[in-house]
Amino acid sequence: MTTTETPASPASAGHGEVNYLNHEYGIKSWLLTLDHKRIGILYLITTTMFFALGGLFAGLIRLELMTPEGDLFQADTYNKLFTMHGVAMIFFFLIPSVPAVLGNFVLPLMIGAKDVAFPRLNLLSWYCYITGGTLASFAIVAGGVDTGWTFYTPYSSTYSTGFVSVALMGVFINGFSSILTGVNFLTTVHKMRAPGMTWFRLPLFIWAHYATSLMMILGTPVVAITLLLVALENMFGLGIFNPELGGDPILMQHLFWFYSHPAVYIMIVPGFGVISEVIACFSRKAIFGYSFVAFSSLAIALLGFLVWGHHMFTTGQSIYAGMVFSFITFFIAVPTAVKIFNWTATMYRGSIDLKSPLMYALGFIGLFLIGGLTGTFLSTLAMDIHLHDTYFVVSHFHYVMVGGMVMAYLSGLHFWWPKMMGRMYNEAWAMTGAVLIFLGFNLTFFPQFVLGYLGMPRRYHVYPEEFQILHVASTGGATVLGLGYMVLFVCLVWSLFKGAKAGPNPWTAKGLEWEIESPPTPHNFHETPIVTSEPYAYEEEDVLLADKGSH
Amino acid sequence: MSKTASHHPALQHYFDDLKQQHGAATMGMWAFLAQEIMFFGGLFAGYTVYRYKYFNAFVEGSNLLPIAWGGLNTVILIASSFTVAMAVRCAQQGLHRSVFNWFMATMVLGLGFLGVKAIEYSHKYHDHLIPGLNFQWDGPMAGPMKIFFSFYFVMTGMHALHMIIGVGLMLWLIPKIRAEKFGPQYYSPIENFGLYWHFVDIVWIFLFPLLYLIGRHL
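For every chain, the first residue of the written sequence is number 1, and numbering continues from 1 along that sequence. As a convention, the first chain written is A and the first ligand written is 1, with the rest following in written order. Two thresholds apply to this predicted model, a pLDDT of at least 70 for residue-level local features and 80 or more for giving and counting side-chain atom pairs, whereas whole-chain, interface and lining totals are computed over all residues. Hydrogens and water molecules were not included; the side-chain quantities draw on all heavy atoms of the structure.

1. Notes on the overall build of chain B
- For helices the rule is a DSSP run of H or I covering at least 4 residues; for strands it is a run of E covering at least 2, with both sets numbered from the N terminus onward. Across its full length, chain B carries six helices and zero strands.
- Seen in sequence order, chain B has helices and strands lined up from the N terminus as α-α-α-α-α-α.
- Principal-axis analysis of the C-alpha atoms gives chain B an extent of 75 × 30 × 30 Å.
- Each residue gets one of three labels from its accessible area relative to the maximum for its type: buried under 20%, exposed over 50%, partly exposed in between, using a 1.4 Å probe on protein chains only. Each of the 218 residues in chain B was classed as buried or not, and the buried ones make up 53%.
- When checking whether two residues touch, look at their non-hydrogen atoms; a contact exists if any pair is within 4.5 Å. Considering only intrachain contacts with a sequence separation of at least 6, the fraction spanning at least 24 residues in chain B is 80%.
- On chain B, roughly 10,000 Å² of surface is accessible, and the fraction owed to carbon and sulfur atoms is 67%.
- As used throughout, the charge tally considers Lys and Arg to be positive and Asp and Glu to be negative, leaving His and the chain termini uncounted. Charge positions come from single atoms, namely NZ of Lys, CZ of Arg, CG of Asp or CD of Glu. Side-chain charges in chain B split into 13 positive and 10 negative, and the spacing between the mean points of these groups amounts to 3 Å. In these tables, accessible area is a Shrake-Rupley quantity obtained with a 1.4 Å probe, and a residue counts as shielded only by the protein chains included in the view.

Written out as structure tokens, the structure is:
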């Protein structure tokens, strides 16, 4: 049992306290809510469901790969499994998770707003997500999709199995959820900041979401029209991507990656925002080089649109285009490295308080670093010819997406959980979960770098016997990883019922969201806050605490 | 910042004042239009690639499109841009009756455009030029011709869908105009509708020459 004593909230009488969770009850009050906090919770529940679904497919994939023979599944079934794993995880978990769950919940709180600029669009975005998710799930149940998550033609057109169009429409509709979130956040940050909350007083979480919103608005529609064209080609035989009629399947890849590379940054940049908050809070220091970290998010958003060709080095695109794409891909590592260096510099000589959010953040830095550096291997033209479509690539993007993005998401979830739910989780169990996830993750994916380097191609369920030891190690790691997620899940759910009450500010963190009750009242702030200090003013904490005696 | 003195009925509780609310609505609309530009941008990019690759087929396909109907639709849409601009102006000045009249004019022009489009589509049907339905082309370059008509139908179809949504938005706004909800203090829904309508017009201004006027030396 935890004996953590947390400061009681101002109105801790228990019953009299009105917050966003208890001010109205009933399913209707949730499904028709316009409150950004409740919409965040809706997203939390639904993205977790898709994470579990995607995880289930991943488990089945790892189970099949225990042995060199294809003994558990047919090749066709295996194709469906990795496709549905990718579709569920990327479109329905990774892209919405940080912005739609954490962003929805804390972004308005952080800038001192009562809600996002367009609450009804916010709810509509959740319904787009649910509709898209339902269609995609229907495609899975009805017969599966086996094109790979990238929906490349002609897999998705000439040779499609029939439910591809349904899955495509699901992803298409889900895209609008992303666009609407982007429009909402962009406008909210521009127009809804509290008095005194100047651009350079914004928490870095906000800067990261601002950059992400730009990518969501400018990238998502391109993939939307592309997938629409593929769906029309599938249903009506349009021929735009069909070589038999003179169409070009490579054009589909260009259009697809024009969005889908920025989509990688749509997934990871909000995670960067989380890490900035967590590192500053648990090092008790202001972020080193605030403006560099802020502008590096924007630089990534801009450069992210200019690197899509590195997915296509082996498609026969012009070698000169390949060189330019290769160079810009190396270049985008610079703003990313700026962030990593600034976070470590922030921790240097800080008063480190190793709590579970920081544990996840440290895991993020290590794993994302490996993921990022192996990305520069892949952006080297000659290396990529060898490594393209091998497990090296699989491992690389899992280090970025799971090691980076999911760790950042979990870090943020642990950090803001007391704010969202008003309860503390058991720190020892949270730490156990974090350690298991870190170890399990490395055991799962590090062997895959070796496998890929040795030549194991991705998307095959049969492989030469000499690879078995590495595959078994990977499957063993996946088991530990799955166990870690279970521990984490139980720990957080347990806290809802048995957790100690969290006060307004259990981490003594800085930021407007920590100055209000946990959980917040329906309208967030009793009166519009006025911001007078810089962000991350941790070093002047004693002075500030003395000033706020009445709060 | 917190002006609680004048509380307009249209002011949402999460905004401080109408100025902030208007600014947010306008900015959101522009962000949405940026999204729309990228959406059509994907189509224009694909169009450019194939027009470069199969120029002769595109010329031949383009010559099958009736300039007269396309030209008429261009005139109709430019006229509707004028009427919607007048509607916005009148809303800002609080001339409720005029807003209604200009909106009705816009609606008639929008429906006229869709009517002409329907006539054109039915001609295509008779000529067996609709990919996915009855496309038949016996001459050379049958594949690229089909690609041209695929672009024609997807691009004009997406544009027509935007027109239909625009008409739907007008049907949603007209009862509010009749109820005199808009005036000098609060007119952002009318103004944002105007922005949307102008955007849809501009898409057509690009579509018309790109689809109808290739290689025609008058």
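2. What to know about the packing of helix α3 (residues 75–110) of chain A against helix α4 (residues 119–142) of chain A
Residues and elements named next belong to chain A.
- The geometry of α3 relative to α4 is characterised by a closest axis approach of 11 Å and an angle of 165° between their N-to-C directions. With respect to α4, the axis of α3 lies roughly antiparallel. When you trace α3 past α4, the crossing you get is left-handed. Across from Met 84, Phe 92, Pro 96 and Asn 104 in α3, the residues of α4 making contact are Asn 122, Tyr 129, Gly 132, Gly 133, Ala 136 and Ile 140.
- Under the scheme applied, nonpolar residues are Ala, Val, Leu, Ile, Met, Phe, Trp, Tyr, Cys and Pro; charged residues are Asp, Glu, Lys and Arg; polar residues are all the others, including Gly. Along the lines of polarity and charge, the residues of the contact of α3 with α4 split into six nonpolar, four polar and no charged. For helices, the fitted line uses only the C-alpha atoms of the stretch in contact; every axis is such a line through C-alpha atoms, and the angle between N-to-C directions lies from 0 to 180 degrees. We call two directions roughly parallel when the angle between them is under 35 degrees, roughly antiparallel when it is over 145, roughly perpendicular when it lies between 65 and 115, and oblique otherwise. Should the near helix be turned counterclockwise from the far one by less than a right angle, the crossing is left-handed, whereas a clockwise turn marks it as right-handed.

3. Some remarks on the interface of chain A and chain B
- Facing the 39 residues of chain A at the interface are 36 residues of chain B.
- By buried area we mean the combined loss of accessible area, with a 1.4 Å probe, across both parts when two parts are placed together. Summed over both sides, the interface of chain A with chain B buries roughly 3,000 Å², with 73% coming from carbon and sulfur.
- Salt bridge, as used here, is a side-chain nitrogen of Lys or Arg placed within 4 Å of a carboxyl oxygen of Asp or Glu. For the interface between chain A and chain B, the tally reads two salt bridges.
- In this structure, the salt-bridge partner of Lys114(A) is Asp16(B), at a minimum N-O distance of 3.7 Å.
- Put simply, the parts of the chain that give the side of chain A that touches chain B at least two residues each are α4, α5 (164–191), α6 (204–236) and α7 (249–283) of chain A.

4. Some words on a negative patch on the surface
Residue and element names in this part refer to chain A.
- A cluster of like negative charges, contributed by Glu 69, Asp 71, Glu 465 and Glu 466, occupies part of the molecular surface.
- In this fold, Asp 71 is placed in the loop between α2 (36–64) and α3.
- For Asp 71, a relative accessible area of 48% puts it in the partly exposed group. Nonpolar side chains (Val, Leu, Ile, Met, Phe, Trp, Tyr) are joined into patches within 5 Å and like charges within 9 Å, using only residues with over 30% relative accessible area and no salt bridge.

5. Observations concerning the nonpolar core
- Only buried residues count toward a nonpolar core, which is a set of Ala, Val, Leu, Ile, Met, Phe, Trp, Tyr and Cys residues joined through side-chain atoms within 4.5 Å. Formed by 239 residues in total, the largest nonpolar core has its most connected members in Leu102(A), Phe151(A), Phe364(A), Tyr409(A), Trp416(A) and Phe103(B).
- Considering every element that reaches this core, the biggest residue donor is α7(A), with 21 residues.
- For Leu102(A), the residues in contact, after removing those within four places along its chain, are Ser97(A), Leu107(A), Phe205(A), Val274(A), Tyr409(A), Gly412(A), Leu413(A), Trp416(A) and Met420(A).
- Core analysis: the second largest hydrophobic core is formed by 15 residues, Phe82(A), Tyr391(A), Leu451(A) and Met456(A) among them.

6. Observations concerning the confidence of the model for chain B
- pLDDT measures the predictor's confidence residue by residue and takes values from 0 up to 100. Mean pLDDT over chain B works out to 93, with 96% of the residues at or above the 70 mark.
- pLDDT under 50 marks residues 1–5 of chain B. Its contacts with residues more than four places away, or in other chains, come to five contacts.

7. Some points on the packing of α5(A) against helix α1 (residues 18–53) of chain B
- At a minimum axis distance of 9 Å, the contact between α5(A) and α1(B) shows a crossing angle of 140°. Between α5(A) and α1(B), the angle falls in the class oblique. Between α5(A) and α1(B) lies a crossing whose hand is right-handed. Contacts between α5(A) and α1(B) involve Phe172(A), Ile179(A), Val183(A), Leu186(A), Thr187(A), His190(A) and Lys191(A) from the first element and Gln20(B), Gly23(B), Ala24(B), Met27(B), Gly28(B), Ala31(B), Phe32(B), Gln35(B) and Phe39(B) from the second.

8. A word on the packing of aromatic side chains
Residues and elements named next belong to chain B.
- Ring pairs are drawn from Phe, Tyr and Trp, using the six-membered ring of Trp, whenever the two centres fall within 6.5 Å, and their geometry is named by plane angle: stacked under 30 degrees, edge-to-face over 60, tilted for the rest. Applying the stated criterion to the full structure yields 67 aromatic pairs over all chains.
- Ring plane angle 85° and centroid distance 5.9 Å describe the contact between Phe 39 and Phe 40, whose orientation is recorded as edge-to-face.
- Residue class for Phe 40 comes out buried when judged on its relative accessible area of 3%.
- Look at Trp 204 and Phe 208: their rings are 6.4 Å apart centre to centre, the planes differ by 25°, and that puts the pair in the stacked class. In this pair, Trp 204 and Phe 208 are both assigned in helix α6 (residues 188–212), four residues apart and thus about one turn of the helix distant.
- Take Trp 204: its relative accessible area is 0%, and that puts it in the buried class.

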